[in-house]
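Results of the structural survey
Residue-level listing of the chains:
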Amino acid sequence: MQRLLVLFDLDDTLVDRRGTLADWAAEFTARHGLGDGEHAYVLGMVAERAYPSTFDAIRSSYRLPMSTDVLWRAYCADIAALVSCPAEVLDGLIELRAAGWRVGVATNGAVDIQRAKLRATGISERVDGVFVSEEADARKPQTRHFVLAAARCGTVLGDDGWMVGDNPVNDIAGGRSAGLYTIWIGNDRSWPPDDPRPDHTVPHARAAIDLLLRYSASHKRTTA
Ligand SMILES: [Mg+2]
């Protein structure tokens, strides 16, 4: 039997990126002597995705004296120090692997920051593989992203692959196009009415893990 595969998105799926960023933006603006208006601007700049170029823009806007590289490295270190993954989710990753799942992370973004977060939270050592889009310029929702993530887990996309994520386009539509079952982390939002629905919707990552554990338990019974 081919082993089951599940790929998790990272930001706002396994970790609370939005909450972490709000804390970081408050620290950043205080450290550089910037005000409330600047706080909103800085937060807006990094909200979708942050790269070194983002800090080039922030540096120019506020005429900050340090180099872009120094700002970027400080950002990676600060975020790694602030971010966390809930204990029940970390435990769940171990439970999934014990139940026979291959577990991977499939995330868009810059390698430095995504890898720093994965190490700091302890996710790295609890999964079979990680793929960050910048490593091969393959972003979700491209199918190639999911193929490369599966390869990092030592497998290929097959009939029993799953994608868990919070983004309707990147994670759910992308996962479906790659032939994966999909679980949407709703984070208190409602599903966009015009988009094809995910296979399952759950409130948070632990609920997705519990669903997958139930699935593998019943799968074992029916194929035994
Ligand atoms: Mg996400």
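These numbers come from a predicted model, not from an experiment.

With that settled, consider the layout of surface pockets. In this structure, the largest pocket spans a volume of roughly 400 Å³. For the largest pocket, the lining is made up of 18 residues, of which Asp 12, Glu 48, Arg 49, Asp 166 and Asn 167 are closest to its centre. Listing elements by their share of the lining of the largest pocket, those giving two or more residues are helix H1 (17–31), helix H2 (36–47) and helix H8 (168–177). Considering each element in turn, the lining of the largest pocket owes the most residues, 3 residues, to H1. Class assignment for the residues of the lining of the largest pocket results in 3 nonpolar, 3 polar and 12 charged.

Here Asn 170 shows up in helix H8. Overall, the relative accessible area of 18% leaves Asn 170 in the buried class. Setting aside residues no more than four positions away along its own chain, Asn 170 makes contact with Asn 108, Lys 140, Pro 141, Phe 146 and Gly 175.

Here the magnesium ion is held by Asp 9 (OD), Asp 11 (O) and Asp 166 (OD), and the distances to it run 2.1 to 2.2 Å. In the primary structure, the donors to the magnesium ion are separated according to the pattern D-x1-D-x154-D. Of this pair, Asp 9 sits in the loop between strand E1 (5–8) and H1 while Asp 166 is found in the loop between strand E4 (161–165) and H8, placing the two residues 157 residues apart along the sequence. The class of Asp 9 is buried, set by a relative accessible area of 4%.

Cut-offs and rules
- Residues numbered from 1 in each chain as written.
- Predicted model: local features only at pLDDT ≥ 70, side-chain atom pairs only at ≥ 80, totals over all residues.
- Heavy atoms only, no water.
- 1 Å grid on protein atoms, 1.4 Å probe; cavity = no way out; pocket = protein on both sides within 12 Å on 5 of 7 lines; lining within 4 Å.
- Points joined across faces, edges and corners; volume = space filled by probe spheres on them.
- Helix = DSSP H or I, 4+ residues; strand = E, 2+ residues; numbered from the N terminus.
- Nonpolar A, V, L, I, M, F, W, Y, C, P; charged D, E, K, R; others polar.
- Buried < 20%, exposed > 50% of the residue type's maximum accessible area, 1.4 Å probe, protein only.
- Contact = heavy atoms within 4.5 Å.
- Donors = N, O, S within 2.8 Å, 3.2 Å for Na, K, Ca; no water.

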